[in-house]
Amino acid sequence: MRPGQVQIDFESPLRTPSSDFEEISYPTPPLPYSHSIFPATTQTDDFHYMSSEDTSTRRRVAKGPGSSGGFMGGSDYDTDTLQYDDHDRKDKLRPPIGGRISSGRLHKPYPTPPTSISDFIHQNLEHIPPVIYTLLSCWTRFHKIGLADVVVWDEAHFGKFGSHYLKREFYFDVHPPLGKMLVALAGLLSGYDGNFEFKSGEKYPDTVPYVAMRVMMATFGIALVPLGWYTAVELGMSQWACHLVALMILCDVAWLCISRFILLDSMLLFFTFTTVFFLTKFHNQQYQSFSFDWWLWLALTGISIGCVTSVKWVGLFVTAVVGIYTIEDLWDKFGDLRMSTRNQLRHWGARILCLIILPILVYMTSFKLHFLLLNHTGPGDAQMSSLFQAHLVGNDFWKNPLEVAYGSKITLKNMGWGGGLLHSHVQTFPTGSTQQQWNEPAYNPNDELKFVKDGDVIRLQHTLLLEIFIPNLTCPISKLDYEVSCYGNATVGDIQDHWVIEIVDDIRQGKKDHVHRIRSLTTGIRLRHMLLGCYLSAANKVLPQWGFKQIEVSCVKENDPDDMHTYWNVESHWNDRRASSSSLFSRFW
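Residues numbered from 1 in each chain as written. Predicted model: local features only at pLDDT ≥ 70, side-chain atom pairs only at ≥ 80, totals over all residues. Heavy atoms only, no water.

**Looking at the overall build of the chain**
Part 1 of the reasoning: In terms of helices and strands, the chain carries 15 helices and 14 strands.
Part 2 of the reasoning: When the 589 residues of the chain are sorted by exposure, 43% land in the buried category.
Part 3 of the reasoning: For the chain, the proportion of contacts with a sequence separation of at least 24, taken over those separated by at least 6, is 70%.
Part 4 of the reasoning: Here the chain displays about 32,700 Å² of accessible surface, and carbon together with sulfur accounts for 62% of that area. (Helix = DSSP H or I, 4+ residues; strand = E, 2+ residues; numbered from the N terminus. Buried < 20%, exposed > 50% of the residue type's maximum accessible area, 1.4 Å probe, protein only. Contact = heavy atoms within 4.5 Å. Areas by Shrake-Rupley, 256 points an atom, 1.4 Å probe, with all protein chains shown as cover.)

This is the structure:
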């Protein structure tokens with residue numbers, strides 16, 4: 001053998017005696033210093049060697065519907081069979097400890113920029129199916145979208161709400177405002193002036209661009225198809241499963257129909273889909289925590305949660321999905337003993353910031369825009385507090401004299417949730433009683449002007465000269481409370497007509513001890529019956545048809561100082577002997 005040559009002996013594999021079991025051949029383990037040659041600078045360990053090509057894509061995930069792990073899987077570390085041991089040296093590999101295989105799309109390196117059209121097409125072949133499905137979605141959503149030229153179903157509500165935004169008239173509705181503001185934006189971009197009433201079944205006039213508004217609403221429904229496709233891709237589903245998801249969304253008749261009209265449902269579904277899509281994108285960035293993409297998709301998930309709950313509260317269901325995923329994810333990280341306390345706190349802080357604080361900010365921002373736009377009086381004024389109404393353009397509460405005196409004509413508004421005005425009808429209870437609207441404390445016009453204060457005993461007199469009194473009878477609905485009705489006149493009456501004023505507080509002057517006179521709009525009062533000791537209340541209990549389905553006014557026996565339904569404030573106020581102020585803020589602030 002020549003000098004400088006090395007003889008390598010490759011022996012045949014060791015064989016075991018034959019047996020009844022299946023024989024599996026294994027490679028012969030290397031003998032010390034005889035069958036393996038390593039450069040002098042290379043260090044070995046007890047684990048097998050990983051090439052540089054393998055380390056470029058170390059995150060291995062089982063792909064397909066039957067992949068292990070589940071959507072809730074994942075960890076803060078790479079989940080390949082081997083991982084680098086940063087505590088020792090960069091080229092030493094170690095097996096994973098206690099981590100599950102994460103579900104989701106395989107992480108692939110970014111492709112090189114295309115140098116030709118064929119390269120570009122080859123790199124984007126995976127996007128051709130969702131493009132085709134999106135075009136089909138456009139056809140199903142846009143085809144003859146203007147055929148029904150009448151107001152259909154809930155277009156009567158949401159189209160009308162859009163009109164209020166365009167005219168800046170305040171209205172009240174149970175749903176959050178974002179979706180209705182988007183309807184108004186569609187009308188604004190279409191050239192709609194907001195003067196159509198959107199009565200159900202009424203034909204659209206030529207001045208209402210209802211087709212353009214429907215097209216803009218249908219765009220949200222069209223976007224569901226590509227969002228569904230790419231969500232399935234991010235979840236690691238097979239190609240056939242992605243096709244199935246896209247077809248199910250494309251051919252769903254219910255989603256198709258509600259996307260073709262001026263409704264909130266297409267926007268609700270759109271933001272629901274974006275929430276799930278962004279969550280899957282964030283899930284697939286778990287192998288590189290706190291990177292830019294990781295923060296981006298987490299923040300977009302929070303923004304999407306804020307948007308879906310700002311359209312309808314039913315969006316809280318998809319928020320619950322994100323919440324369950326987050327709890328499970330943080331629980332896994334909490335059980336990972338390799339993760340430092342600092343990283344644990346960083347993960348908690350990131351979730352709190354992006355999935356709690358950020359959605360709340362988005363939700364509050366939608367209401368801020370809502371109140372900024374609707375700054376004129378409108379059909380929803382009565383649902384709001386008296387002081388809120390006073391700040392609306394076109395409201396005349398600023399003409400009110402500030403302090404209430406004997407002889408003042410007033411309206412009393414209940415300060416409970418959705419409280420209305422105390423009023424009466426000419427119609428009677430089945431027992432002969434009536435309710436009140438306009439109220440006037442009894443007084444002698446020749447006396448010196450005297451202001452109403454805490455503890456005063458008054459008689460509330462309707463402008464028709466009827467007195468509010470308690471007939472000592474039970475209410476028709478609230479059987480445990482006393483009925484409140486009208487009786488008598490300015491000269492006929494008794495102690496049943498006497499009420500004691502109890503001041504609660506004042507928005508400007510503060511607590512009861514600092515309030516010396518009752519002010520309109522800002523002072524909250526309670527009215528206690530002098531004889532029976534009950535309190536005038538309107539507790540949102542609806543009367544039957546003979547009471548026009550309005551709120552029952554009663555006198556509650558229980559003295560609950562925290563019961564907002566027993567709180568009243570003076571809303572409108574007239575007094576010829578008291579001058580009105582020209583500035584709202586000069587009177588209250």
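Still to come is the rest of the account.
**Some details on the pattern of salt bridges**
Part 1 of the reasoning: Scanning the entire structure with this criterion turns up 14 salt bridges.
Part 2 of the reasoning: Measuring nitrogen to oxygen at the nearest pair gives 2.4 Å for the salt bridge that ties R351 to D329. Residue R351 is found in helix α13 (residues 341-373), and its partner D329 is found in helix α12 (residues 316-334); the two are separated by 22 residues along the sequence.
Part 3 of the reasoning: The residue D456 makes a salt bridge to K453 at a minimum N-O spacing of 3.5 Å.
Part 4 of the reasoning: A single network of salt bridges, built from pairs that share partners, joins D329, K333 and R351. (Salt bridge = Lys/Arg side-chain N within 4 Å of Asp/Glu carboxyl O.)

**Some remarks on the packing of aromatic side chains**
Part 1 of the reasoning: Following the criterion strictly, the structure yields 25 aromatic pairs and no others.
Part 2 of the reasoning: Between F170 and F371 the ring centres are 6.3 Å apart and the planes differ by 15°, which places this aromatic pair in the stacked class. A residue pair is termed long-range when its members are at least 10 positions apart, and F170 in the loop between α4 (155-167) and α5 (178-190) and F371 in helix α13 qualify at 201 residues.
Part 3 of the reasoning: Residue class for F170 comes out buried when judged on its relative accessible area of 1%.
Part 4 of the reasoning: A centroid spacing of 6.4 Å and a plane angle of 35° characterise the contact between F367 and F371, whose relative ring orientation is tilted. With a gap of four residues between them, F367 and F371 both fall in helix α13, about one helical turn apart.
Part 5 of the reasoning: Judged by its relative accessible area of 36%, F371 falls in the partly exposed class.
Part 6 of the reasoning: Cluster of aromatic residues (ring-pair linked, three or more members): F170, Y363, F367, F371 and F388.
Part 7 of the reasoning: Over the aromatic face of F161 sits the side chain of K180, whose NZ or CZ is 5.4 Å from the ring centroid.
Part 8 of the reasoning: Lying across the ring of F290, R346 places its NZ or CZ 3.9 Å from the centre. (Phe/Tyr/Trp six-rings, centres within 6.5 Å; stacked < 30°, edge-to-face > 60°. Lys NZ or Arg CZ within 6 Å of the ring centre and 35° of its normal.)

**Quick word on the nonpolar core**
Part 1 of the reasoning: Ranked by internal contacts, the top residues of the largest apolar core, which has 65 residues, are Y204 and F271.
Part 2 of the reasoning: Looking at which element gives the most residues to this core, the answer is helix α10 (residues 265-283), with ten residues.
Part 3 of the reasoning: When residues no more than four places from it in sequence are discounted, the contact partners of F271 are L178, L182, S304, C307, V308 and V311.
Part 4 of the reasoning: Counting residues in hydrophobic clusters, the runner-up holds 24 residues, among them I501, I525, V553 and W568. (Core = buried A, V, L, I, M, F, W, Y, C linked by side-chain atoms within 4.5 Å.)

**Thoughts on the state of the cysteines**
Part 1 of the reasoning: The tally for this structure, following the rule as stated, stands at one disulfide.
Part 2 of the reasoning: The disulfide partner of C534 is C555, and the gap between their sulfur atoms is 2.0 Å. Taking the sign of the torsion about the S-S bond as the criterion, the disulfide between C534 and C555, at about 95°, is right-handed. Of this pair, C534 sits in the loop between β11 (523-529) and β12 (535-537) while C555 sits in strand β13 (residues 554-556), and the two are 21 residues apart along the sequence.
Part 3 of the reasoning: What makes C555 buried here is its relative accessible area of 0%. (Disulfide = S-S within 2.5 Å.)

**Examining unusual backbone geometry**
Part 1 of the reasoning: Within the chain, W153 stands out as a residue other than glycine whose phi angle is a positive 50°.
Part 2 of the reasoning: Summarising the element assignment, W153 is placed in the loop between α3 (128-142) and α4.
Part 3 of the reasoning: When its relative accessible area of 55% is taken as the criterion, W153 is described as exposed.
Part 4 of the reasoning: A positive phi angle, near 55°, is found at F198, a position not held by glycine.
Part 5 of the reasoning: Looking at the element boundaries, F198 is found in the loop between α5 and α6 (210-222).
Part 6 of the reasoning: Judged by its relative accessible area of 1%, F198 is buried.

**Structural notes on the confidence of the model for the chain**
Part 1 of the reasoning: Looking at the chain as a whole, the pLDDT averages 80, with 73% of positions reaching at least 70.
Part 2 of the reasoning: Within the model, the stretch residues 29-101 combines pLDDT values under 50 with 112 contacts to residues more than four positions away or in other chains.
Part 3 of the reasoning: Across residues 582-589, confidence stays below pLDDT 50; counting only partners more than four residues off in sequence or on other chains, it has 21 contacts. (pLDDT = per-residue confidence, 0-100.)

**Concerning the packing of α12 against α13**
The description of two helices packed together rests on the angle between their axes and the distance between the axes.
Part 1 of the reasoning: Taken N-terminus to C-terminus, the directions of α12 and α13 make an angle of 170°; their axes are 10 Å apart at the nearest point. One element, α12, and the other, α13, form an angle in the roughly antiparallel class. Only Q344, H347, W348, R351 and L355 of α13 make contact with α12, whose side of the interface consists of V322, T326, D329, L330, K333 and F334.
Part 2 of the reasoning: In the contact of α12 with α13, the residues fall into five nonpolar, three polar and three charged. (Axes fitted to C-alpha atoms, helices over the stretch in contact; angles between N-to-C directions. Parallel < 35°, antiparallel > 145°, perpendicular 65-115°, else oblique. Nonpolar A, V, L, I, M, F, W, Y, C, P; charged D, E, K, R; others polar.)

**A closer look at a nonpolar patch on the surface**
Part 1 of the reasoning: On the surface, W295, W348, I352, L353, I356, I357, I360, L361 and M364 cluster together into a nonpolar patch covering about 840 Å² of accessible area.
Part 2 of the reasoning: For the nonpolar patch, the element with the most residues is α13, which contributes eight residues.
Part 3 of the reasoning: For L361, the location among the structural elements is in helix α13. (Patch = residues over 30% accessible without salt bridge, like charges linked within 9 Å, V, L, I, M, F, W, Y side chains within 5 Å.)

**Points about the environment of N195**
Part 1 of the reasoning: Relative to the assigned elements, N195 resides in the loop between α5 and α6.
Part 2 of the reasoning: Put simply, N195 and K160 are 35 residues apart on the chain and 9.1 Å apart in space, counted from C-alpha to C-alpha.

**Comments concerning the side chain of T523**
Part 1 of the reasoning: Relative to the helices and strands, T523 resides in strand β11.
Part 2 of the reasoning: A distance of 2.3 Å separates polar atoms of two side chains, one belonging to T523 and the other to D506.
Part 3 of the reasoning: Within the structure, the side chain of T523 is placed 3.0 Å from the backbone nitrogen of R519, a separation counted as a polar contact. (Polar contact = N/O pair within 3.5 Å; in protein donor to acceptor, adjacent residues only side chain to side chain.)

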